[in-house]
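Topology and contacts: notes
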Amino acid sequence: DAIKKLLKPNGIVVIFDPNPTPWLRLIRLLIGHQDAEATLKELAAFAKQQAFEIVSTQFYEVFGLMLSGGYVSIQLVPNIKPLNETIGWLNDQASKLVNAIGLGRFLCWRYIAVIKPHRPT
């Protein structure tokens, strides 16, 4: 209810979260990183419980986060602007490709979900 009170009429909430795939969980285990996580299915159940609905989702980050070290890991590529820009572009293209063929949910490291209060019809 607190979120609904803060939202303007027809407002939305954007959820930006790790996509806890087996690959992500393995990497986190190897580097000793522990963090809260919610699958998209768990988010959908929570949203429904709070009378919200997911209106869109997008998966992204096939390898860019891993190469950069993210927030808690070892940086695997040097911090050189042209290299970073190239990796960012390639990562974006890879994210679009795996989403286009329906594998984003399984291969991407992150998701964005847009939710809004459910409006009964």
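See above for the structure.
Reference entry: report on the structure contained in this document. Residue numbers restart at each chain and count upward from 1, following the sequence in its written direction. Local features in this predicted model are restricted to residues of pLDDT 70 or higher, and side-chain atom pairs are both shown and tallied only at a pLDDT of 80 or more, whereas totals for entire chains, interfaces and linings draw on every residue. The side-chain values count all of the structure's non-hydrogen atoms but skip hydrogen atoms and water molecules.

**Considering the nonpolar core**
One recurring pattern in soluble globular proteins: nonpolar side chains tend to sit buried together. Put simply, the test is: Put simply, buried Ala, Val, Leu, Ile, Met, Phe, Trp, Tyr and Cys residues joined by side-chain atoms within 4.5 Å make one nonpolar core. A simple rule labels every residue: compare its accessible area, found with a 1.4 Å probe on the protein chains alone, to the largest value its type can have, and call it buried under 20%, exposed over 50%, or partly exposed in between. Strands here are runs of E lasting at least two residues and helices are runs of H or I lasting at least four, both read from the DSSP assignment and numbered beginning at the N terminus.
Ranked by size, the top nonpolar core spans nine residues in total: Leu 40, Leu 43, Phe 59, Val 62, Ala 94, Val 98, Cys 108, Tyr 111 and Ala 113. Breaking this core down by element, the ones donating at least two residues are α3 (40–49), α5 (81–100) and β3 (110–117).

**Description of the pattern of salt bridges**
What counts here: By definition, a salt bridge exists where a carboxyl oxygen of Asp or Glu is found within 4 Å of a side-chain nitrogen of Lys or Arg.
Under the defined criterion, the tally for this structure stands at three salt bridges. Arg 25 is the salt-bridge partner of Glu 37, the closest N and O atoms lying 2.6 Å from each other. Of the two residues, Glu 37 sits in the loop between α2 (22–31) and α3 while Arg 25 sits in helix α2, which places them twelve residues apart along the sequence. For Glu 37, a relative accessible area of 30% puts it in the partly exposed group. Between Glu 85 and Lys 81 there is a salt bridge, and its shortest N-O distance comes to 3.9 Å. Taken together, the positions of Glu 85 and Lys 81, both in helix α5 and four residues apart, correspond to about one turn of that helix.

**Considering the sheet that holds strand β1 (residues 13–18)**
Hydrogen bonds between backbone groups are what pair the strands of a sheet, and the pairing can be parallel or antiparallel. To keep it simple, the criterion reads: The pairing criterion for strands is at least two bridges between them, as found by DSSP. To obtain each axis, a line is fitted to C-alpha atoms, and for helices this fit is confined to the stretch in contact; angles are then taken between N-to-C directions over 0 to 180 degrees. Whether two residues are in contact is decided by their heavy atoms: any pair within 4.5 Å suffices.
The strand order across the open sheet formed by three strands is β1-β3-β2, and the pairing between neighbours is antiparallel. In this open sheet, the two strands that pair with only one neighbour each are β1 and β2 (52–60). Along the sheet, successive strands turn relative to each other by an average axial angle of 20°, direction set aside. Of the strand pairs in this sheet, β1 and β3 are connected by six bridges, and their pairing is antiparallel. Bridge assignment links Phe 16 to a residue of β3, and that residue is Ile 112. Packing of α3 onto the sheet brings it into contact with β1, β2 and β3, and relative to β2 it is tilted by some 160°.

**Here's the deal with a nonpolar patch on the surface**
For clarity, the cut-off: Patch construction takes residues with relative accessible area above 30% that form no salt bridge. Like charges are linked within 9 Å, and nonpolar side chains (Val, Leu, Ile, Met, Phe, Trp, Tyr) are linked within 5 Å. Note on areas: Shrake-Rupley, 1.4 Å probe, and residue coverage restricted to the protein chains presented here.
A cluster of nonpolar side chains, contributed by Trp 23, Leu 26, Leu 29, Leu 30 and Ile 31, occupies part of the molecular surface with about 530 Å² of accessible area. Inspection of the secondary structure assignment puts Leu 29 in helix α2.

**A word on α2**
Selection rule: Working definition: the arc comes from the directions between the helix axis and the C-beta atoms, pointing outward to the latter.
The complete set of buried residues in α2 reads Leu 24, Ile 27 and Arg 28. Projection of α2 onto a plane perpendicular to its axis shows the buried side chains occupying an angular sector of 100°, all on one side. Set apart from the buried face of α2 by more than 90 degrees, the exposed residues are Pro 22, Leu 29 and Leu 30. Close packing links the buried residues of α2 with β1. Among the residues trailing α2, Gly 32 stands out with phi positive, at a value near 75°.

**Looking at the side chain of Glu 61**
What counts here: The charge count includes Lys and Arg as positive and Asp and Glu as negative, but it does not include His or the ends of the chains. A 3.5 Å cut-off defines polar contacts: any pair of N or O atoms within that distance qualifies, except that in protein one atom must be a possible hydrogen donor and the other a possible acceptor, and neighbouring residues in sequence count only when both atoms are side-chain atoms.
Within the secondary structure, Glu 61 is located in the loop between β2 and α4 (64–68). Although Glu 61 is buried, it makes no salt bridge; Arg 110 carries the closest opposite charge, 5.6 Å away. Among the polar contacts listed, one links the side chain of Glu 61 to the side chain of Asn 91, at a separation of 3.1 Å. Not counting the four nearest positions on each side in its chain, Glu 61 is found in contact with Asn 91, Ser 95, Leu 107, Cys 108, Trp 109 and Arg 110.

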